[in-house]
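Architecture at a glance
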Amino acid sequence: MDRFDPAALAATHALALGVLGNAMCGALLQILAVVAGMHYPRAAIWRTLGFWGLQIGAAALAGSFLAGFPPFGLILAGGLLGSMLLAFAACGLYGIARSVARDASTQGAALALSALLLAVLLALLLLGVLARGWALPWKILLDAHAIFAAGGWLLGLIMAVAATVVPMFQITPAYPAGWLRLGGKAWLAALAIAVACLANDLPVWGLIGPIAIALVFAGLTLSLLRKSRRPQDAGRRFWLGAMICLAGALLLAMAGACGLDRPGLAAACGWLMLFGLGCGAVLGMWCKILPFLFWLDLQKRAPSGCRAPSTLQLLPDSAPRRLFWAYAATVSMGMPAILGLAPLWMAAAALSVLSLLWLACALGSVLRYRTCLRELNARAAGQPASRP
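Residues numbered from 1 in each chain as written. Predicted model: local features only at pLDDT ≥ 70, side-chain atom pairs only at ≥ 80, totals over all residues. Heavy atoms only, no water.

For the protein chain, the count of helices and strands is twelve helices and zero strands. Each helix (α) and strand (β) of the protein chain, taken in turn from the N terminus, gives the series α-α-α-α-α-α-α-α-α-α-α-α. Its C-alpha radius of gyration of 22 Å places the protein chain within 12% of the 21 Å reference for a compact globule of 388 residues. Considered along the principal axes of its C-alpha atoms, the protein chain spans approximately 75 × 45 × 45 Å. Scored against the burial criterion, the 388 residues of the protein chain give a buried share of 47%. Taking the intrachain contacts of the protein chain between residues at least 6 apart in sequence as the baseline, contacts between residues at least 24 apart amount to 76%. As displayed, the protein chain has an accessible area near 18,700 Å², and 69% of this comes from carbon and sulfur atoms. Where the 27 positive side-chain charges of the protein chain centre and where its 10 negative ones centre are 14 Å apart. (Helix = DSSP H or I, 4+ residues; strand = E, 2+ residues; numbered from the N terminus. Rg over C-alpha atoms; globule rule 2.2 N^0.38 Å. Buried < 20%, exposed > 50% of the residue type's maximum accessible area, 1.4 Å probe, protein only. Contact = heavy atoms within 4.5 Å. Areas by Shrake-Rupley, 256 points an atom, 1.4 Å probe, with all protein chains shown as cover. Lys, Arg positive; Asp, Glu negative; His and termini not counted. Charge placed at Lys NZ, Arg CZ, Asp CG, Glu CD.)

Following this line, the structure appears as structure tokens:
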């Protein structure tokens with residue numbers, strides 16, 4: 001599979017923006033409120049204009065790739081996505097700058113948002129090349145965009161969130177203090193050096209730093225997960241799978257930089273990075289955060305003397321386990337299909353099964369939440385009014 005094929009570009013950006021983009025923006029809204037005490041201003045605007053700008057912009061961009069790069073579609077997608085993501089990143093950075101929090105997750109989120117700003121600006125320049133024929137070095141812009149989008153925004157945000165989420169939900173020791181203090185800063189600096197080396201036709205030297213730092217992060221996370229007090233937890237399995245995919249993507253990236261010219265190598269690297277790492281980490285956090293948010297809301301609404309149902313009642317362990325095996329099968333089937341060793345329909349079928357299972361898990365959790373909410377409201381209505 002060629003990374004420049006219109007269908008591959010459409011699928012890549014549908015995954016990166018439509019699936020991961022929604023999850024990552026939502027994760028930042030939650031994590032910054034918890035660790036930094038920061039709330040995005042005018043929440044109603046983000047719920048409507050911000051949300052729909054991302055959905056319509058992602059659909060317009062993917063559709064434009066499939067339709068042969070029409071200028072109108074590219075300009076529409078650039079306007080919607082550029083305005084929404086740039087405003088999202090700017091508001092987040094402004095709120096973090098005003099916050100007194102200086103923990104690793106807050107600083108890591110600031111670095112990830114900075115990388116998002118750069119990735120979006122580079123993407124707008126690339127859209128100018130495609131839609132208006134701007135005379136710019138598009139190959140350098142494309143490589144820099146991929147580095148800051150996949151490395152700075154995606155992996156940078158996963159690093160930031162993992163500092164809080166992995167010890168909290170998997171009950172592991174904390175990340176080493178030295179990593180929490182310097183890991184994020186070293187990561188963004190390594191990405192900037194990588195872009196400079198790529199611009200000067202020195203890809204191997206530029207990738208040494210990012211690959212080394214990312215491997216350290218993967219190794220630390222795997223080491224902590226081995227010490228988890230919840231070894232059978234499905235969320236832990238997703239994080240393990242995500243770190244293994246990250247290591248595989250890094251090895252493929254270095255092989256490509258060293259001159260290994262195999263068809264589909266770059267696409268396979270992107271598959272492991274975007275789907276293997278991105279969706280693995282997102283699913284690992286989703287399985288914990290969704291029932292937790294439902295439980296938190298029910299806890300607040302519960303009348304005196306009543307307890308909210310546990311998170312396992314809202315999302316039983318069996319559902320995330322099925323999701324994990326569908327995720328693992330999709331990763332495994334996607335690799336040979338991308339490399340041309342297996343038919344593509346097998347990976348598409350596995351991805352469809354995973355998507356349907358994910359949707360079923362979400363709907364099931366929502367229905368259980370609403371059932372519990374009705375029961376709590378009925379109990380509250382049946383209680384006599386409390387006396388002052």
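Past the structure itself, the notes keep going.
One way to put it is that helix H5 (residues 138–170) packs onto helix H7 (residues 203–226) with a least axis distance of 11 Å and a crossing angle of 10°. In terms of axis orientation, H5 runs roughly parallel to H7. Taken as a pair, H5 and H7 cross one another with a handedness that is left-handed. Every residue of H7 that contacts H5 at Leu155, Ile158, Met159, Ala162, Val166 and Gln170 is listed here: Ala214, Phe217 and Leu225. The residue inventory of the contact of H5 with H7, partitioned by class, reads eight nonpolar, one polar and no charged. (Axes fitted to C-alpha atoms, helices over the stretch in contact; angles between N-to-C directions. Parallel < 35°, antiparallel > 145°, perpendicular 65-115°, else oblique. Left-handed = near helix turned anticlockwise from the far one by under 90°. Nonpolar A, V, L, I, M, F, W, Y, C, P; charged D, E, K, R; others polar.)

Let us now look at the pattern of salt bridges. Side chains carrying opposite charge are able to pair once their charged atoms draw close together. Evaluation of the coordinates by the stated rule reveals three salt bridges. Note that Asp143 is salt-bridged to Lys139, the shortest N-O span being 3.0 Å. In this pair, Asp143 and Lys139 are both assigned in helix H5, four residues apart and thus about one turn of the helix distant. Judged by relative accessible area, which is 16%, Asp143 ranks as buried. A relative accessible area of 36% places Lys139 in the partly exposed class. (Salt bridge = Lys/Arg side-chain N within 4 Å of Asp/Glu carboxyl O.)

From the geometry alone we can't say anything about function, so treat these as descriptive.
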